[in-house]
Amino acid sequence: NAGVMQNPRHLVRRRGQEARLRCSPMKGHSHVYWYRQLPEEGLKFMVYLQKENIIDESGMPKERFSAEFPKEGPSILRIQQVVRGDSAAYFCASSLHPEGYTFGSGTRLTVV
Amino acid sequence: EDKVVQSPLSLVVHEGDTVTLNCSYEVTNFRSLLWYKQEKKAPTFLFMLTSSGIEKKSGRLSSILDKKELFSILNITATQTGDSAVYLCAVERTSGSRLTFGEGTQLTVNP
């Protein structure tokens, strides 16, 4: 079991480009969570998904951010028209039940 | 809005010292409090606490929860340089499973 896999590990985008972050949960896990960590800050909840459903997106910015967890394939966090303030580490976690998280190693997004 | 406050934000000690990290919280419909260790990558799970007064222990690390006073402490005895990391505290509600994290305590253990 490879754990929660996130890719890419590092992503550099110019302002205005799109960023796509991928998360493959642990085998058999059907709950996926995305968190953002700004420099020198704790993790902030963004969105909670189960297969093909968004359960809680109360932490997602209203514009430019979207997330999906399709029936097949990884969960995707998509950021359109990135700005410098989007630079952060984005962590994905998965669980079998809604408890007992396992975190991935994160994607560090840098917007230049 | 749920709130988690950790203190101190930063701590520098020498190997062999004992440290106590603090976490206070305000949350609606509390379910559990969790401690994580983060070393420049994925947070790794340390403890989950749900009941007051019951100490959880793993090697040199231990933690306890006080649900009346709404706080938890994480103790590390005989610290080693490998304990240097950010220690994160998080709370979970009964409704839904999002975690609310504190800002973390940056622990540095010098040889």
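Notes on the structure in this doc start here.

**A word on the pattern of salt bridges**
A side chain of one charge can pair with a side chain of the opposite charge if their charged atoms are brought near each other. Applying the stated criterion across every chain, the model contains seven salt bridges over all chains. With a shortest N-O distance of 2.8 Å, Asp2 of chain B and Arg93 of chain B are connected by a salt bridge. Residue Asp2 of chain B is found in the segment before β1 (3-7), and its partner Arg93 of chain B is found in strand β9 (residues 85-93); the two are separated by 91 residues along the sequence. Owing to a relative accessible area of 12%, Asp2 of chain B belongs among the buried residues under this scheme. Arg93 of chain B sits in the partly exposed class, given a relative accessible area of 27%. For Glu39 of chain B, the salt bridge identified is with Lys37 of chain B, shortest N-O distance 4.0 Å. Judged by relative accessible area, which is 38%, Glu39 of chain B ranks as partly exposed. Residue Lys37 of chain B is classed as buried on the basis of its relative accessible area, which comes to 15%. A single salt-bridge network, built from bridges that share partners, covers Glu18, Arg20 and Arg78 of chain A.

**With respect to the sheet that holds strand β3 (residues 19-24) of chain A**
All names here are of chain A. Sheet architecture is open: four strands sit in the order β1-β3-β8-β7, paired in antiparallel fashion. Each edge of the open sheet is held by one strand with a lone partner, namely β1 (5-7) and β7 (65-68). Recorded for the sheet is a direction-independent mean angle of 15° between the axes of neighbouring strands. In the sheet, β7 pairs with strand β8 (residues 75-79) via four bridges, with the strands oriented antiparallel. Residue pairing for β8: Ser66 is matched across the bridge by Arg78.

**Notes on the layout of surface pockets**
Estimated volume of the largest pocket: approximately 520 Å³. Lining the largest pocket are 20 residues, and of these Gln37 and Glu40 of chain A together with Gln38, Val86 and Gln106 of chain B lie nearest its centre. Of all the secondary-structure elements, those providing two or more residues to the lining of the largest pocket are β9 (88-95) of chain A together with β9 and β11 (105-110) of chain B. A per-class count over the lining of the largest pocket returns eight nonpolar, six polar and six charged. Its volume calculated, the second largest pocket comes out at about 430 Å³. As for the second largest pocket, its lining consists of 21 residues, and the residues nearest its centre are Lys44 and Phe45 of chain A together with Glu1, Arg98 and Thr100 of chain B. Of all the secondary structure elements, the ones that give two or more residues to the lining of the second largest pocket are β4 (31-37) and β5 (43-50) of chain A together with β1 and β10 (99-101) of chain B. Per-element accounting of the lining of the second largest pocket gives the leading share, four residues, to β5 of chain A. Here the residues of the lining of the second largest pocket sort into eight nonpolar, four polar and nine charged.

**As for the packing of aromatic side chains**
Tallied over the full model, the rule gives 12 aromatic pairs over all chains. Seen in terms of ring centroids, Tyr36 of chain B and Phe45 of chain B are 6.0 Å apart; in terms of plane orientation they differ by 80°. Their pairing is edge-to-face. Clustering of aromatic rings is evident, with ring pairs tying together Tyr33, Tyr35, Phe45, Tyr48, Tyr101 and Phe103 of chain A together with Tyr36, Phe45 and Phe101 of chain B.

What counts as what
- Residues numbered from 1 in each chain as written.
- Chains lettered and ligands numbered in written order.
- Predicted model: local features only at pLDDT ≥ 70, side-chain atom pairs only at ≥ 80, totals over all residues.
- Heavy atoms only, no water.
- Salt bridge = Lys/Arg side-chain N within 4 Å of Asp/Glu carboxyl O.
- Helix = DSSP H or I, 4+ residues; strand = E, 2+ residues; numbered from the N terminus.
- Buried < 20%, exposed > 50% of the residue type's maximum accessible area, 1.4 Å probe, protein only.
- Pairing = 2+ DSSP bridges.
- Axes fitted to C-alpha atoms, helices over the stretch in contact; angles between N-to-C directions.
- 1 Å grid on protein atoms, 1.4 Å probe; cavity = no way out; pocket = protein on both sides within 12 Å on 5 of 7 lines; lining within 4 Å.
- Points joined across faces, edges and corners; volume = space filled by probe spheres on them.
- Nonpolar A, V, L, I, M, F, W, Y, C, P; charged D, E, K, R; others polar.
- Phe/Tyr/Trp six-rings, centres within 6.5 Å; stacked < 30°, edge-to-face > 60°.

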